[in-house]
Amino acid sequence: MAITAALVKELRERTGSGMMECKKALVESNGDIEVAIEEMRKSGLAKADKKSDRVAAEGVIAIETSADNKQAVMLEVNSETDFVAKADDFVNFVDAVAKKVLEAQPADLDALLQLSLSNGESIDTVRQSLVAKIGENIQIRRFTLMNAEAGVIGAYRHGDRIGTLVQLNGGDESLAKDLAMHVAASRPQAVSAAELPEELLQKERDIVATQARESGKPEAIVEKMIEGRMSKFVNEISLLGQAFVKDPDVTVEKLVKQAGATVEGFACFEVGEGIEKKADNFAEEVMAQARGN
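Here the structure is a predicted model, which means the values were calculated and not measured.

A. Representation of the pattern of salt bridges. Evaluated as defined, the whole model comprises 18 salt bridges. Residue E76 is joined to R141 by a salt bridge in which the shortest nitrogen-to-oxygen separation is 3.2 Å. Taken together, the residues span a long stretch of sequence, with E76 in strand β2 (residues 71-79) and R141 in strand β3 (residues 139-147) at a distance of 65 residues. Here D82 makes a salt bridge to K86, at a shortest N to O gap of 2.6 Å. D82 sits in the partly exposed class, given a relative accessible area of 33%. Among the charged side chains, a salt-bridge network with shared partners connects E76, R141, R142 and E273.

The following block contains the structure:
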């Protein structure tokens with residue numbers, strides 16, 4: 001069967017693949033476009049599997065909120081390079097995933113990957129096809145959902161790499177957004193001192209106590225020094241104890257109380273945090289290639 005330009009064009013539009021790849025697939029399938037699509041998908045899945053072990057530490061943080069600001073999703077989708085993270089195909093995929101997750105409210109990442117997008121394919125299948133098309137490992141790393149029945153959710157993105165959500169009980173959208181911006185700037189570790197891990201507090205207390213006792217002052221004064229430094233430490237890393245970034249004379253706790261609200265929770269994502277990136281060493285790479293010749 002003759003492989004016409006129109007047939008190649010149709011296959012390109014349906015798969016998003018390059019012209020030569022489409023022509024080759026049509027030749028191998030004797031012009032049967034459905035068989036060609038099936039074989040290209042199989043090939044794409046194989047390519048995606050081969051790339052799955054490659055480090056993907058770039059990408060974007062996406063946030064999608066409901067019209068009434070009572071529901072929100074934040075997710076991190078990673079790529080290998082910042083260049084791909086800015087490509088239309090990648091951006092459109094992330095946007096579609098965020099909207100679907102907000103709509104379906106999956107319980108975990110496995111459930112998210114099985115959700116179907118508008119084309120009827122699962123998110124994971126579309127992801128794998130995108131890996132094959134773009135040539136980089138792409139992973140949906142994590143997501144969080146928030147639902148505020150009696151309050152609002154504030155969302156903030158600093159560029160594409162940092163995102164925050166804050167859930168308030170009471171208050172208004174303006175306060176919620178201000179607090180989301182505050183979280184991005186101040187990076188608290190918990191809402192209040194009561195939520196800080198005991199292990200963290202004990203470790204800091206040991207450090208502070210050692211420093212205080214090295215001062216040589218009486219034990220009674222040393223104990224006051226320890227308590228004072230611990231109080232400062234706790235306030236610096238708990239949201240309610242922090243000075244509000246827009247008005248450092250007011251703590252977040254006081255700001256929230258003035259509004260008759262309470263903070264139910266917050267989340268903060270940064271692209272690639274905690275992922276061990278491969279350090280490129282050009283000299284070593286050249287030497288390795290030279291040894292191999």
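B. Seen up close, helix α8 (residues 173-186). Here α8 is 14 residues long and its end C-alpha atoms lie 20 Å apart, about the 20 Å a rise of 1.5 Å per residue gives. Turning to α8, its buried residues number three or more, namely L175, A176, D178, L179, A180, H182, V183 and A184. Looking at the buried side of α8, the elements it contacts are β4 (151-158), β5 (162-169), β6 (243-244), α11 (252-258) and β8 (262-270). Just downstream of α8 lies R187, where phi reads positive at about 50°.

C. Representation of the packing of helix α5 (residues 88-104) against helix α7 (residues 123-134). For the pair α5 and α7, interaxial distance at closest approach is 11 Å and the crossing angle is 170°. Considered as vectors, α5 and α7 are oriented roughly antiparallel to each other. The residues of α7 that touch α5, namely those facing D89, F90, F93, V97 and K100, are I123, V126, R127, L130, K133 and I134. Taken together, the residues of the contact of α5 with α7 break down into seven nonpolar, no polar and four charged.

D. Up close: the environment of A2. Mapping A2 onto the fold places it in the segment before α1 (5-15). Under the relative-accessibility criterion, A2 is labelled exposed at 59%. For the pair A2 and V27, spaced 25 residues apart in the sequence, the C-alpha separation amounts to 8.6 Å.

E. How the structure looks around the packing of aromatic side chains. Taken as a whole, this structure holds zero aromatic pairs when the rule is applied. The cationic tip of R142 hangs over the ring face of F269; the distance from NZ or CZ to the ring centre is 4.1 Å.

F. Focus on the nonpolar core. Core analysis: the largest hydrophobic core is formed by 25 residues, its most contacted members being F93, I123 and I140. Of all the secondary-structure elements, those providing two or more residues to this core are β1 (58-65), β2, α4 (82-85), α5, α6 (109-114), α7 and β3. No other element matches α5, which puts seven residues into this core. Setting aside chain neighbours within four positions, we find I123 in contact with F93, V97, K100, L112, L113, L115, L117 and I140. V152, V191, L240 and V252 belong to the second largest nonpolar core, which has 21 residues in total.

G. Highlighting the sheet that holds β2. An order of β1-β2-β3 is seen for the three strands of this open sheet, with the pairing classed as antiparallel. The open sheet terminates on both sides in strands that have one partner only, identified here as β1 and β3. When strand polarity is set aside, the average angle formed by the axes of neighbouring strands in this sheet is 10°. Two strands pair when backbone bridges link them, and β1 and β2 are joined in this way by eight bridges, in the antiparallel orientation. By the bridge assignment for β2, I61 is matched with E76.

H. Here's a closer look at the pairing of strand β7 (residues 247-251). Pairing geometry for β6 and β7, over two bridges, is antiparallel. Note on β7: the bridge partner recorded for A243 is T251. Following β6, the chain reverses through two residues before pairing antiparallel with β7.

I. Representation of the side chain of S238 within the structure. By secondary structure assignment, the location of S238 is in the loop between α10 (219-237) and β6. The exposure class assigned to S238 is buried, which follows from its relative accessible area of 2%. A distance of 2.7 Å separates a polar atom in the side chain of S238 from the backbone oxygen of V234.

J. The arrangement of the pairing of β5 in detail. Buried residues dominate β5, accounting for seven of its eight residues. Sheet topology note: the β4/β5 ladder contains eight bridges and is antiparallel. Counted as the bridge partner of H158 is I162 from β5. Adjacent in sequence and paired antiparallel, β4 and β5 are bridged by three residues, among which G159 carries a positive phi angle near 65°.

Cut-offs and rules
- Residues numbered from 1 in each chain as written.
- Predicted model: local features only at pLDDT ≥ 70, side-chain atom pairs only at ≥ 80, totals over all residues.
- Heavy atoms only, no water.
- Salt bridge = Lys/Arg side-chain N within 4 Å of Asp/Glu carboxyl O.
- Helix = DSSP H or I, 4+ residues; strand = E, 2+ residues; numbered from the N terminus.
- Buried < 20%, exposed > 50% of the residue type's maximum accessible area, 1.4 Å probe, protein only.
- Expected span 1.5 Å × (residues − 1).
- Contact = heavy atoms within 4.5 Å.
- Axes fitted to C-alpha atoms, helices over the stretch in contact; angles between N-to-C directions.
- Parallel < 35°, antiparallel > 145°, perpendicular 65-115°, else oblique.
- Nonpolar A, V, L, I, M, F, W, Y, C, P; charged D, E, K, R; others polar.
- Phe/Tyr/Trp six-rings, centres within 6.5 Å; stacked < 30°, edge-to-face > 60°.
- Lys NZ or Arg CZ within 6 Å of the ring centre and 35° of its normal.
- Core = buried A, V, L, I, M, F, W, Y, C linked by side-chain atoms within 4.5 Å.
- Pairing = 2+ DSSP bridges.
- Polar contact = N/O pair within 3.5 Å; in protein donor to acceptor, adjacent residues only side chain to side chain.

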